[in-house]
Amino acid sequence: QVQLVESGGGLVQAGDSLRLSCAASGLTFSAYTLAWFRQVPGKEREFVATISGRGRGIYYAESVKARLTISRDNAKNTVFLQMNSLKSEDTAVYYCAAGTPLGARMDLDSSYAYWGQGTQVTVSS
């Protein structure tokens, strides 16, 4: 049974930093592309960043490219999202996802088979 468990969310001030973690179990972690998405109530889930199995392929949404960093530790089955210079518009529930989107667009949520329960990030301005 595959499980993805996010942690690290919280309430911060604009300009602060947060580091989200997502611990995975029940899958061969290094074989999966991992991604972060986020969602605001009433809006569609939005792609944030993705990292390939060995960490060589990394892609970001343009809106976060300069401020967020995705990384992974395959020895610990964990993917991270370092978020710096947070803005109020970063407020959302952040989800990690795992999949094998071979030949598919990595920024589509349909490319990922497994999802965590989400962690809330709230940035006050």
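Residues numbered from 1 in each chain as written. Predicted model: local features only at pLDDT ≥ 70, side-chain atom pairs only at ≥ 80, totals over all residues. Heavy atoms only, no water.

Student: Explain the nonpolar core to me, please; I cannot follow it from the model alone.
Tutor: Soluble, globular proteins show a tendency: their nonpolar side chains are buried together. By size, the foremost hydrophobic cluster in this structure holds 34 residues, and its most contacted members are Trp36, Val48, Ile70, Val79, Leu81, Met83 and Tyr94. Elements with a minimum of two residues in this core: β3 (18-25), β4 (33-39), β5 (46-51), β7 (68-73), β8 (78-83), β9 (92-99) and β11 (119-124). In terms of residue count, the dominant contributor to this core is β9 (five residues). Aside from chain neighbours lying at most four places away, what touches Met83 is Asp16, Ser17, Leu18, Leu20, Arg67, Leu68, Tyr94 and Val121. (Core = buried A, V, L, I, M, F, W, Y, C linked by side-chain atoms within 4.5 Å. Buried < 20%, exposed > 50% of the residue type's maximum accessible area, 1.4 Å probe, protein only. Helix = DSSP H or I, 4+ residues; strand = E, 2+ residues; numbered from the N terminus. Contact = heavy atoms within 4.5 Å.)

Student: Where do I start with the packing of aromatic side chains in this structure?
Tutor: We describe a pair of aromatic rings using the distance from one ring centre to the other and the angle between the two ring planes. This structure, assessed with the given rule, holds five aromatic pairs. Residues Phe37 and Phe47 carry aromatic rings whose centres are separated by 5.7 Å and whose planes lie at 75° to one another, so their mutual orientation is edge-to-face. With a gap of ten residues between them, Phe37 in strand β4 and Phe47 in strand β5 connect regions that are remote in the sequence. Of the two residues examined, Phe37 and Phe47, each falls in the buried class. Within the aromatic cluster, the residues linked to one another by ring pairs are Phe37, Phe47, Tyr112 and Trp115. In this structure, Arg19 is placed above the aromatic ring of Phe80, and the distance from its NZ or CZ to the ring centre is 3.9 Å. (Phe/Tyr/Trp six-rings, centres within 6.5 Å; stacked < 30°, edge-to-face > 60°. Lys NZ or Arg CZ within 6 Å of the ring centre and 35° of its normal.)

Student: Help me understand the state of the cysteines in this model?
Tutor: Structurally, a disulfide amounts to a covalent bond that connects the sulfur atoms of two cysteines. Inspection of the entire model under this criterion finds one disulfide. A disulfide bridge connects Cys22 with Cys96, and the sulfur atoms are separated by 1.9 Å. Linking Cys22 in strand β3 with Cys96 in strand β9, this pair joins segments that are 74 residues apart in sequence. The exposure class of Cys22 is buried, given its relative accessible area of 1%. A relative accessible area of 0% means that Cys96 is categorised as buried. (Disulfide = S-S within 2.5 Å.)

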